[in-house]
Amino acid sequence: MVSSRTESPRHIRAACTLLILLALLLPRPAAAQSRVVQSINSDWQFRRADGPDYAQTAAPAAGWERISIPHTWNAADVTDDEPGYYRGVGWYRKTLHIPASWQTRRVSLYFEGAGQEAAVYVNGQLAGRHAGGYTAFSFPISQWLRFDKGVPNEVVVKVDNRPNVALPPLSADFTFYGGLYRDVYLVAANPVHFDLDNYASSGLFVSTPAVSAEAAQVLARGTLVNESTTKRRLTVLTELTDHAGNVVGQQRSNLTLAAGEKREFRQAFTNLRRPHLWSPDDPYLYHITATVREAGPAAAVPLDAVSSPLGLRWFRFDAATGFYLNGQPLKLIGTNRHQDFPGLGNALPDALAERDLLLLKQMGGNFLRVSHYPQDPAVLAACDRLGILASVEIPVVNAITDSPAFFENCKTMQTEMIRQGYNHPSVIIWAYMNEVLLRLPTGLTKDNDAGKAYLARVAALARELDALTRREDPTRYTMLVNHGAFDLYQQAGLLNIPQLIGWNLYAGWYSGGFQGFPDFLDRHRRELPDKPLLVTEFGADADARLHSFSPQRFDKTTEYANRYHQFYLREILARPFVAGATVWNLAEFNSETRQEAVPHINNKSLLTADRQPKDAYLFYQAHLLKAPFVRIGSRAWTLRSGTAASPDSLYCAQPVEVYTNQSAAELQLNGQSLGTHPAEFGIVRFRVPFANGLNQLTARAGTAPADHTDIQFQLLSPNLSSDKLPFSELNVSLGDQRYFTDARLNQVWLPEQAYVPGGWGYVGGHPFALPGTGRLPYGSDRNILGTEYDAVYETQRVGLSQFRLDVPAGRYEVTLHFAELEAVPAAEQLAYNLAKADAASAAPAKAARRFDVWLNGLLLLPDMGPDNNLPPLQAVSVKLPVSVRMGEGIILDFKAAVGETVLNGIQVKRLD
């Protein structure tokens, strides 16, 4: 029997008063404690061991390492110089002491995530298995527990991150960490409880069928379970409270459940007047709590209770005019996010996840694409509190496996994701594929029969996932995310399946020039006029150590990334039909297979890996924040260097950008104004005459708080014998047009230049470039072993005959840096490289090389080459002390016997 009624606040107060009096006057039953939930993250043991044998857990204690959860075994090996990382089996074990009073309870183990597969054993018995590294799972364990006092229970978890063709993701531009990398909980519930076996969800599902500024409807539903041995008469009371804790609505249902019965319940709040709406500007949260008790007035102690935040809002997407929240247009601007941090891998405490969301909010962002997988529950909880709308997806990335097991795993992941995140008001989109046609399986093309059949199977999986999502949650939108191959996705029929289309677009980075971006957006609008559009990824690599005043595509400088984001944001804001856009990525993240200037790191981001802002972050703040704002750009570039304009000058003028949402900004240098200039699309540009030593900059704009930064400048004279600026040190990156700053060693590496009498520079040769790649016209993109200065060793001058410095007499230390970039082994072709195949990386070069290096007429480095002293892709540095006589200077001669000479970098330091 089920009954339900809505009660007015006056009747609720009267009923509550009566219940209190009855509770005081009647005998009180023995207390029945409600659900107990406690983390069990401490005092685990771990050992790495391939193989499926549970008996391995009986290894001696010396074979185990004591750890705490969260934990990953890949925190270190994904950043070392050895290609690859451990993808295998890890074992975890822990001793539990279970209270004897829990013998009548329903005890479960709840895991927030394990990468990528898990098997859980309790006292030697298999409790359950879970496939998928990014969703929670739970197993009942009561039947295997020992409740005798002093008798321990052993929990063993086998975790496996080996490649599995039946389990997404198959490949991706991120690292597939292994381990128990999220919190683990022990849950003890009474025999009567809300459903604990619903895909590791809370068992309570809250939706808002109708919301307006005048009224709101709220629906709470779930399943009640009676695991006791007798019939139970029960009452489910669901309370809706405001942010201050005041009760604003109640619903009560009476149920009678037979022993072993499960029963669904639904409770509707139909008339919540003048609701306080949830929005990014005002993320107001109500709270909803469902409690089950024994029926009858004396049953004051709950048997079980579950609760959830509740945000009241309504939203829609329009293909022509974008996104609307609470009836008002809202451009969704934010970022993507991955879940790792330097030194921790993906085993992050909740506080770091929450900090990321706070940084997004402080940028002015209102939207997060949780990519490419569901993340820690703390992420969506922070979105709810901070007012950040969210899209969440499962990791079907790059490709699929056409097998029943793969399809079923995808559908299970989608169901887990939706049910576990169902109650979060921040979630507006459920997605299920990302760039799934990025690389077709070997031998398949879009035109051959096998390729067409594969495309049809991808579309079949998309249809199944989309239909499942709409059944599970018809209140949110479905989305499929594609890379920029419009014709391919259209041919596959994927553009017709979801309610929303996301495009990952990198024109001006992986392909072509900037103009390809707006052209693509306009094509979508012409050819898919009824399909709402989001730009789900865009970005350019930015190494905070690299700078250029003439930035080029692929140079990884801050300045090129600045130009990229400035162009993209202007085009996004100019098109109302672009509902939203998310930068790739919030912060730098680990991708073990990447090489390049910072090996194993994808640095398309607004923050560094340790969460320091890059210029583009400040640029977005200038456009998204409502409060008056001004910041000096290049905040990480506080150590600079350059050459004075002339031998008589004591200054070097370099550009500085100031970001503001005011109409103009003033910049001061050491208290002296450099003028007030108008802002152009949030940017005010200045040329600053830096002097040697400390330079203090102050920016002012309108009523915004002033911004200050200190820049240490190392000024060089064009005449190395100058008395005004005596020579002390020079660092040059050969074959390079960028500045490289090493804050740790307080050094700045200058771009190369041709020799100028009285000064310094190379004689002859040309910059090294990988032929036929369509990439940067200089440098390699390979990981250079034995160094953290890959950016320096990836560029070189080839075929030079000399490097000269017209320094005055004195004692000097010359350090030469080399790396063999041509005679190198083949590199893996990565799916995310959308440019031309790297011809130089595809096969080892056959070129031979042997040359000598002479310093002021002395042969010091004979027979340099890959067969002697220059192993491929290995950093080699040699220090050479030299005493220079008056008028002699430093002359390095490079003489080739076979092939061409090379030099990657040179450092010269005066010692007296």
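Bear in mind the structure is a predicted one, so any value in this text is a computation, not a measurement.

**So, the overall build of the chain**
No. 1: When you go through the chain residue by residue, the secondary structure sums to 11 helices and 55 strands.
No. 2: Since a compact globule built from 912 residues should have a radius of gyration of about 29 Å, the 32 Å found for the chain is in line with a globular shape.
No. 3: For the chain, the spread of C-alpha atoms along the three principal axes comes to 105 × 65 × 60 Å.
No. 4: Restricting the contact set of the chain to residue pairs at least 6 apart, pairs at least 24 apart contribute 72%.
No. 5: Counting every atom, the chain has about 35,300 Å² of accessible surface; 53% of that belongs to carbon and sulfur.
No. 6: Side-chain charges in the chain split into 86 positive and 90 negative, and the spacing between the mean points of these groups amounts to 7 Å.

**As for the confidence of the model for the chain**
No. 1: Mean pLDDT over the chain: 92, with 92% of residues reaching 70 or higher.
No. 2: Here residues 1–32 scores under 50 on pLDDT; set against residues more than four positions off or in separate chains, the count is 30 contacts.

**Considerations on the side chain of N585**
No. 1: Tracing the sequence through the fold places N585 in the loop between β31 (578–583) and β32 (589–590).
No. 2: Among the polar contacts made by the side chain of N585, one reaches the main-chain amide nitrogen of R337 at a distance of 3.2 Å.
No. 3: Not counting chain neighbours up to four residues away, the residues in contact with N585 comprise T335, N336, R337, H338, S371, K604, S605 and L606.

**Topic: the packing of helix α2 (residues 350–363) against helix α3 (residues 377–386)**
How two helices sit against one another is set out by the angle between their axes and by the gap between those axes.
No. 1: At a closest axis distance of 9 Å, the pairing of α2 and α3 adopts a crossing angle of 35°. Regarding α2 and α3, the two cross each other, and that crossing is right-handed. The segment α2 lies against α3, with D350, A353, E354, L357, L358 and K361 engaging A378, V379, A382, C383, R385 and L386.
No. 2: Of the residues belonging to the contact of α2 with α3, the class tally is 8 nonpolar, no polar and 4 charged.

Scoring rules and cut-offs
- Residues numbered from 1 in each chain as written.
- Predicted model: local features only at pLDDT ≥ 70, side-chain atom pairs only at ≥ 80, totals over all residues.
- Heavy atoms only, no water.
- Helix = DSSP H or I, 4+ residues; strand = E, 2+ residues; numbered from the N terminus.
- Rg over C-alpha atoms; globule rule 2.2 N^0.38 Å.
- Contact = heavy atoms within 4.5 Å.
- Areas by Shrake-Rupley, 256 points an atom, 1.4 Å probe, with all protein chains shown as cover.
- Lys, Arg positive; Asp, Glu negative; His and termini not counted.
- Charge placed at Lys NZ, Arg CZ, Asp CG, Glu CD.
- pLDDT = per-residue confidence, 0-100.
- Polar contact = N/O pair within 3.5 Å; in protein donor to acceptor, adjacent residues only side chain to side chain.
- Axes fitted to C-alpha atoms, helices over the stretch in contact; angles between N-to-C directions.
- Left-handed = near helix turned anticlockwise from the far one by under 90°.
- Nonpolar A, V, L, I, M, F, W, Y, C, P; charged D, E, K, R; others polar.

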